[in-house]
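Per-entry structural report
Here are the chains, one letter per residue:
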Amino acid sequence: MTATTAPTTAAHDTAKSHDPDAAAVGPILLSVAVFLAGWATSIAIWGIPGLYIPALALVPVIWVMLVLISRG
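Because the structure is predicted, anything quoted here is derived from the model rather than measured. (Residues numbered from 1 in each chain as written. Predicted model: local features only at pLDDT ≥ 70, side-chain atom pairs only at ≥ 80, totals over all residues. Heavy atoms only, no water.)

**Topic: the overall build of the protein chain**
Across its full length, the protein chain holds four helices and zero strands. Element order for the protein chain, N to C, with α for helix and β for strand: α-α-α-α. Every one of the 72 residues in the protein chain was classed for burial, and the buried ones make up 3%. Surface exposure of the protein chain reaches about 6,100 Å², of which carbon and sulfur atoms provide 77%. (Helix = DSSP H or I, 4+ residues; strand = E, 2+ residues; numbered from the N terminus. Buried < 20%, exposed > 50% of the residue type's maximum accessible area, 1.4 Å probe, protein only. Areas by Shrake-Rupley, 256 points an atom, 1.4 Å probe, with all protein chains shown as cover.)

**Re the packing of aromatic side chains**
By the definition in use, this model includes one aromatic pair. Residues Phe 35 and Trp 39 carry aromatic rings whose centres are separated by 5.6 Å and whose planes lie at 65° to one another, so their mutual orientation is edge-to-face. In this pair, Phe 35 and Trp 39 are both assigned in helix 2 (residues 20–46), four residues apart and thus about one turn of the helix distant. (Phe/Tyr/Trp six-rings, centres within 6.5 Å; stacked < 30°, edge-to-face > 60°.)

**Some words on a nonpolar patch on the surface**
Together, Val 61, Ile 62, Trp 63, Val 64, Met 65, Leu 66, Val 67, Leu 68 and Ile 69 give the surface a local cluster of nonpolar side chains, amounting to about 890 Å² of exposed area. Note on Val 67: relative accessible area 32%, which makes it partly exposed. (Patch = residues over 30% accessible without salt bridge, like charges linked within 9 Å, V, L, I, M, F, W, Y side chains within 5 Å. Salt bridge = Lys/Arg side-chain N within 4 Å of Asp/Glu carboxyl O.)

**Looking at the side chain of Ser 42**
As for its placement among the helices and strands, Ser 42 is situated in helix 2. Those residues in contact with Ser 42 that sit more than four places away from it in its chain are Gly 47, Gly 50 and Pro 54. (Contact = heavy atoms within 4.5 Å.)

**Re the confidence of the model for the protein chain**
Mean pLDDT over the protein chain works out to 85, with 76% of the residues at or above the 70 mark. Per-element confidence in the protein chain is highest for helix 4 (residues 59–71), whose mean pLDDT is 96, and lowest for helix 1 (residues 5–16), whose mean pLDDT is 56. (pLDDT = per-residue confidence, 0-100.)

**Considerations on the packing of helix 2 against helix 3 (residues 48–57)**
Interhelical geometry of helix 2 versus helix 3 gives an angle of 140° and a closest axis separation of 6 Å. In terms of orientation, helix 2 and helix 3 fall into the oblique class. Where helix 2 abuts helix 3, its residues Trp 39, Ser 42, Ile 43 and Trp 46 lie against Ile 48, Pro 49, Gly 50, Leu 51, Pro 54 and Ala 55. Per-class residue counts for the contact of helix 2 with helix 3 are eight nonpolar, two polar and no charged. (Axes fitted to C-alpha atoms, helices over the stretch in contact; angles between N-to-C directions. Parallel < 35°, antiparallel > 145°, perpendicular 65-115°, else oblique. Nonpolar A, V, L, I, M, F, W, Y, C, P; charged D, E, K, R; others polar.)

Okay, structure coming up:
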């Protein structure tokens, strides 16, 4: 084994071990954190209506998600 083949093999091994599912976790967690921060800000600004109005607005979204999950 020469010095020129060792870095190529190491770079090839790291490229093979890249998991696309693990790469998708970061943006999903960031989206959830931004959503929760926005909801907390609405509670701080408008009080109790800022707590329940976004939850009420998300009822159709959750309903559609449940239908999509149940259909497979």
